[in-house]
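Structural overview for review
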Amino acid sequence: MSRMPRVLSVVGVRPQFVKHAPVSEAMAGRFEEVLVHTGQHYDYAMSRLFFEELGIRAPDRHLEVGSGTHAEQTGRVAERTEAVILELAPDLVLVFGDTNSTLGAALAAAKLRVPLAHVEAGVRAGLKEMAEEQNRVLVDHASDVLFAPTADAVAHLTREAAHGAVHLTGDVMRDALEQHVARARARPDPAARHGLAPGSYLLLTLHRAENTDDPRALGGILDGLALVDEPVLFPVHPRTRAALDRTGLAARLSALPHLHPIDPVGYLDMLGLQAGARLVVTDSGGIQKEAYLLGTPCLTLFPCTSWVETVAAGWNRLVPEYGAALAAAIRDMVPPEHRPELYGDGRAAGRIADLLADYLGRVRAGGGSVRGASSAPHR
Ligand code: UD1
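Here, residues in each chain are numbered from 1, in the same order as that chain's written sequence. Given that this is a predicted model, residues contribute local features only at a pLDDT of at least 70 and side-chain atom pairs are listed and counted only at 80 or more, while totals for whole chains, interfaces and linings are drawn from all residues. Hydrogens and waters are ignored; side-chain quantities use all the structure's heavy atoms.

Focus: the site of the ligand
- Close to the ligand lie 18 residues; His41, Tyr42, Asn100, Glu132 and Arg239 are nearest.
- Between N or O atoms, a polar contact is any pair within 3.5 Å; within protein, one atom must be a potential hydrogen donor and the other a potential acceptor, and residues adjacent in sequence are included only when both atoms are from side chains. Between Tyr42 and the ligand, the recorded distance is 2.8 Å, taken from a backbone N or O atom to an oxygen atom.
- Between His237 and the ligand, the recorded distance is 2.9 Å, taken from a side-chain N or O atom to an oxygen atom.
- What sets the accessible areas is the Shrake-Rupley method with a 1.4 Å probe; for residues, cover comes only from the shown protein chains. Protein contact buries 86% of the 750 Å² of open area that the ligand shows by itself.
- Secondary structure counts use DSSP, requiring at least four H or I residues in a row for a helix and at least two E residues in a row for a strand, with both numbered from the N terminus. Secondary structure elements with two or more residues in the shell around the ligand: helix H3 (70-88) and helix H10 (238-247).
- Side-chain classes follow a simple rule in which Ala, Val, Leu, Ile, Met, Phe, Trp, Tyr, Cys and Pro form the nonpolar group, Asp, Glu, Lys and Arg form the charged group, and the remainder, Gly included, forms the polar group. Residue composition of the shell around the ligand, grouped by class: five nonpolar, nine polar and four charged. Near, as used in this document, describes a residue that has one of its heavy atoms within 4 Å of the molecule or strand being considered.

So, in structure tokens, the structure goes:
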């Protein structure tokens, strides 16, 4: 009996744990999955909590890359993933999203000529300087199989003439949300812990370097929020916490009594907070989609977005200017009645598993085992 194809899945940060969970479930019993955690996110609330809530088994390998510059992080992931690939000779490496972990693992696979598949391929914000955009483009052009979440993403890959096989699958974040939203709703309301009733607060998240590492941007966001008369619940990402402390803006934040900074929360509480908020204010891509799917309008603190469908539907608005302009946007944001179906049908992960099986079947039929292609390192 022939063995199951071995797939090396590489994850490292919060949103990747979410994207990986439904795909891993769909692959169960058909593939031998080896799970690698790069360790890019390492705090309990940024990592372990997600594994627990999403029911992901413990990783088979932990690369412990931790924090660092982009090159340090990417380089460590590449080097340590390469070692795992050489040790375990997977038939395919599977990467998710647009982080330094994604790029590092993609480089290791591409250089060893192990087939590479990318979940959330073709996503573009149109801003070349953005770390995530650089990662997306490089990973897509190194990939053999590209799973695009939207028609817009397919169009980007076609325009750029990506050489891998492109498939429109729908978005695995929708799958994850549909699988877990009932559990999130059944839990005690996480906003109530902070004395806030459903529909009576704004939910704020910030972590993009463009906002956190520029004191004028971060200060401008606080200036805008100072003018707002609704409570603002603010789970603070460690990068943002460090920036607030570094710039002295933490004192300004504590002087605003309607702002409630809290520790980062897990996936289920985050779904609950988004569902209960009057409005979400964020610079996260994933949260723009989740807010939409949960029926909560969103303001995006960035000049552009990869999730243009939410803007076209009128449920997401870009806010590139902060201060008074942000306060006005918060006051004025009222979504339209209609909220079209977006991001697939909640069955993207199953499609991805089928397409992977198909691809690896063809690789086997065409050229025997792809293992061995990986065993000739350049020294
Ligand atoms: C990364 C991704 C971003 C993704 C985000 C999800 C890149 C370039 N960016 O950004 O695309 O949207 O994850 O959250 O890969 N830190 C901790 N504990 C942790 C993790 C981080 O304290 O568990 C602190 C460290 O000081 C670190 C900083 O947060 O330097 C930033 O972390 P980093 O891994 O560089 O990227 P994120 O900002 O989380």
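As for the sheet that holds strand S4 (residues 92-96)
- Read across the sheet, seven strands follow the order S3-S2-S1-S4-S5-S6-S7 without closing on themselves; strand pairing throughout is parallel. Unpaired on one side and paired on the other, strand S3 (61-62) and strand S7 (165-168) mark the two borders of the sheet.
- Two strands pair if DSSP finds at least two bridges between them. The pairing of strand S1 (residues 6-11) with S4 spans four bridges and is classified as parallel. Within S4, the residue paired with Val7 across the bridge is Leu92.
- Every residue pair with non-hydrogen atoms within 4.5 Å of one another is taken to be in contact. To define axes, lines are fitted to C-alpha atoms, for helices over the stretch in contact only, and angles between the resulting N-to-C directions are given on a 0 to 180 degree scale. With respect to the sheet, H3 is in contact with S1, strand S2 (32-37), S3 and S4, its orientation differing from that of S1 by roughly 165 degrees.
- Sheet contacts for helix H5 (residues 131-142): S4, strand S5 (116-119) and strand S6 (145-148); angle to S5, the most-contacted strand, approximately 140 degrees.

Quick word on the sheet that holds strand S9 (residues 232-235)
- Spatially, the six strands line up as an open sheet ordered S10-S9-S8-S11-S12-S13, and their pairing is parallel. At either margin of the open sheet sits one strand with a lone partner, and together these are strand S10 (259-262) and strand S13 (316-318). With direction set aside, neighbouring strand axes in the sheet form an average angle of 20 degrees.
- Relative to strand S11 (residues 279-282), strand S8 (residues 202-205) is paired through four bridges, and the arrangement is parallel. Paired with Leu204 across the two strands is Val281, which belongs to S11.

Focus: the pairing of S9
- Going residue by residue along S9, you find Val232 and Phe234 tucked away on one face and Leu233 and Pro235 tucked away on the opposite face as well.
- Here S8 runs beside S9; their pairing, made up of two bridges, is parallel. Each bridged residue has a counterpart across the sheet, and for Leu202 the counterpart in S9 is Val232.
- By the bridge criterion, four bridges tie S9 to S10 in an arrangement that is parallel. Residue pairing across strands places Pro235 opposite Ile262, the latter belonging to S10. Relative accessibility under 20% of the residue-type maximum defines a buried residue, over 50% an exposed one, and the middle range a partly exposed one, all with a 1.4 Å probe and only protein chains included.

Quick look at the packing of aromatic side chains
- Pairing of aromatic rings covers Phe, Tyr and Trp, the last through its six-membered ring, and needs centres within 6.5 Å; plane angles under 30 degrees mean stacked, over 60 mean edge-to-face, and all others mean tilted. Inspection of every chain in the model, using the stated rule, returns four aromatic pairs.
- Plain terms: the ring middles of Phe17 and Phe50 are 6.4 Å apart, the flat faces sit at 55 degrees to each other, and that makes the pair tilted. Remark: Phe50 occurs in helix H2 (residues 48-54) and Phe17 occurs in helix H1 (residues 14-27); sequence separation between them is 33 residues.
- Judged by its relative accessible area of 0%, Phe17 falls in the buried class.
- Ring pairs connect the aromatic residues Phe17, Phe50 and Phe51, which therefore count as one cluster.
- The rule is short: NZ of Lys or CZ of Arg within 6 Å of the ring centre and within 35 degrees of the ring normal puts a charge over the ring. Here the basic side chain of Lys289 rests over the ring of Trp307, its NZ or CZ set 3.8 Å away from the ring centre.

Concerning the nonpolar core
- Core analysis: the largest hydrophobic core is formed by 45 residues, its most contacted members being Leu94, Tyr267 and Leu356.
- Looking at which element gives the most residues to this core, the answer is helix H16 (residues 348-367), with eight residues.
- Start and end positions for the domains come from either an automated domain assignment or a database one. Lining this core are residues from two domains, each supplying at least three of them: domain 1 (6-171 + 344-367) and domain 2 (189-332).
- Sequence-distant contacts of Leu94, that is, excluding residues within four places in its chain, are made with Val7, Leu8, Ser9, Val10, Val23, Met27, Ala117, Val119, Phe147 and Leu356.
- Note on terminology: a nonpolar core comprises buried Ala, Val, Leu, Ile, Met, Phe, Trp, Tyr and Cys residues joined through side-chain atoms within 4.5 Å. In terms of nonpolar packing, the next biggest core, distinct from the first, is built from 29 residues, Ile221, Phe234, Ala243 and Leu256 among them.

A look at the domain arrangement of the chain
- One can read the domain layout of the chain as domain 1 (6-171 + 344-367) and domain 2 (189-332).
- The distance between the C-alpha centroids of domain 1 and domain 2 comes to 28 Å.
- Across the contact, 22 residues belong to domain 1 and 17 residues belong to domain 2.
- Take the accessible area each of two parts loses on contact, using a 1.4 Å probe, and add the two losses: that sum is the buried area. Surface buried jointly by domain 1 and domain 2 totals about 1600 Å² across both partners, of which 60% is contributed by carbon and sulfur atoms.
- A salt bridge links Glu132 to Arg208; its shortest N-O distance comes to 3.0 Å.
- Counting the contacts that link domain 1 with domain 2 gives five residue pairs in polar contact (both at pLDDT 80 or more).
- A total of four residues in the side of domain 1 that touches domain 2 trace back to one element, the largest contributor, which is H2.
- Along the lines of polarity and charge, the residues of the side of domain 1 that touches domain 2 split into eleven nonpolar, two polar and nine charged. One speaks of a salt bridge when a side-chain nitrogen belonging to Lys or Arg is within 4 Å of a carboxyl oxygen belonging to Asp or Glu.

Brief notes about the environment of Asp213
- Relative to the helices and strands, Asp213 is located in the loop between helix H8 (209-212) and helix H9 (215-226).
- A polar side-chain atom of Asp213 sits 3.2 Å from a polar atom in the side chain of Arg239.

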